[in-house]
Amino acid sequence: EVQLAESGGGLVQPGGSLRLSCAASGFTFSGYAMSWVRQAAGQGLEWVSGIDGGTGTTSYLAAVKGRFTISRDNAENTLYLEMNSLKPEDTAVYYCAKSNTYYYSTTLDYWGQGTQVTVSS
């Protein structure tokens, strides 16, 4: 059974940093691309960043490029999102999601339960 469990969310002041983690199990982690997707209250889903299965090739939403860094530890079956210079508009529930391919795609077949990130003074 595929399971994705996010952690690391919380309340942070503007300009602060957070590191999200996603522990994966139930599939060959290194064989699939992974993504982070967020959803602000009352808004739709917004893809944030993706990383290929093993090459480490990454992609970012323009609004977070240069502030967020996605990475993965295939030995530990864990996906990360390092978020710096956080802004109030980054406030959302952040989900990790599994692609159905090795290379990044927008087809995501499994999702975690999400972790809340709130950026406020």
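Analysis parameters
- Residues numbered from 1 in each chain as written.
- Predicted model: local features only at pLDDT ≥ 70, side-chain atom pairs only at ≥ 80, totals over all residues.
- Heavy atoms only, no water.
- Helix = DSSP H or I, 4+ residues; strand = E, 2+ residues; numbered from the N terminus.
- Rg over C-alpha atoms; globule rule 2.2 N^0.38 Å.
- Buried < 20%, exposed > 50% of the residue type's maximum accessible area, 1.4 Å probe, protein only.
- Contact = heavy atoms within 4.5 Å.
- Disulfide = S-S within 2.5 Å.
- Polar contact = N/O pair within 3.5 Å; in protein donor to acceptor, adjacent residues only side chain to side chain.
- Phe/Tyr/Trp six-rings, centres within 6.5 Å; stacked < 30°, edge-to-face > 60°.
- Lys NZ or Arg CZ within 6 Å of the ring centre and 35° of its normal.

Draft legend 1. Summary view of the overall build of the chain. From N to C terminus, the chain includes 0 helices and 11 strands. Taken from the N to the C terminus, the helices and strands of the chain come in the order β-β-β-β-β-β-β-β-β-β-β. For 121 residues, the compact-globule estimate of 2.2 N^0.38 gives 14 Å, and the C-alpha radius of gyration of the chain, at 13 Å, lies within 12% of that figure. The principal-axis extent of the C-alpha atoms belonging to the chain is close to 40 × 25 × 25 Å. Expressed as a percentage of the 121 residues in the chain, the buried residues total 43%. At a minimum sequence separation of 6, the contacts of the chain that also span at least 24 residues come to 55%.

Draft legend 2. Focus on the state of the cysteines. One pass over the structure, following the stated rule, counts 1 disulfide. Paired by a disulfide, Cys22 and Cys96 hold their sulfur atoms 1.9 Å apart. Taken together, the residues Cys22 in strand S3 (residues 18–25) and Cys96 in strand S9 (residues 92–99) connect sequence positions 74 residues apart. Judged by its relative accessible area of 0%, Cys22 falls in the buried class. In this structure Cys96 comes out as buried when scored by relative accessible area, which is 0%.

Draft legend 3. Structural detail: the side chain of Ser105. Its location among the elements puts Ser105 in the loop between S9 and strand S10 (108–111). Accessibility expressed as a relative area gives 18% for Ser105, which makes it buried. Within the local environment of Ser105, its side chain forms a polar contact with the backbone nitrogen of Thr107, the two atoms lying 3.2 Å apart. Residue contacts for Ser105: discarding those within four places in its chain leaves Ser99 and Asn100.

Draft legend 4. Highlighting the side chain of Arg38. Take Arg38: it is sitting in strand S4 (residues 34–39). In this structure the side chain of Arg38 is engaged in a polar contact, spanning 3.0 Å, whose partner is the side chain of Asp90. Those residues in contact with Arg38 that sit more than four places away from it in its chain are Gly44, Leu45, Glu46, Val48, Leu61, Val64, Phe68, Glu89, Asp90, Ala92, Val93 and Tyr94.

Draft legend 5. Molecular detail of the packing of aromatic side chains. Inspection of every chain in the model, using the stated rule, returns 5 aromatic pairs. Geometrically, the ring pair formed by Phe27 and Phe29 is tilted, given 6.1 Å between the ring centres and 55° between the ring planes. We note that Phe27, like Phe29, is buried. A ring pair is formed by Tyr95 and Trp111, whose centres lie 6.2 Å apart and whose planes are at 75°; its orientation type is edge-to-face. In this pair, Tyr95 is assigned in strand S9 and Trp111 in strand S10, connecting sequence segments 16 residues apart. In this structure Trp111 comes out as partly exposed when scored by relative accessible area, which is 37%. Here the guanidinium or amino end of Lys98 rests over the ring plane of Phe27, the centre of that ring lying 5.5 Å away. A cation sits over an aromatic face here: Lys98 above Tyr32, 3.9 Å from the ring centre.

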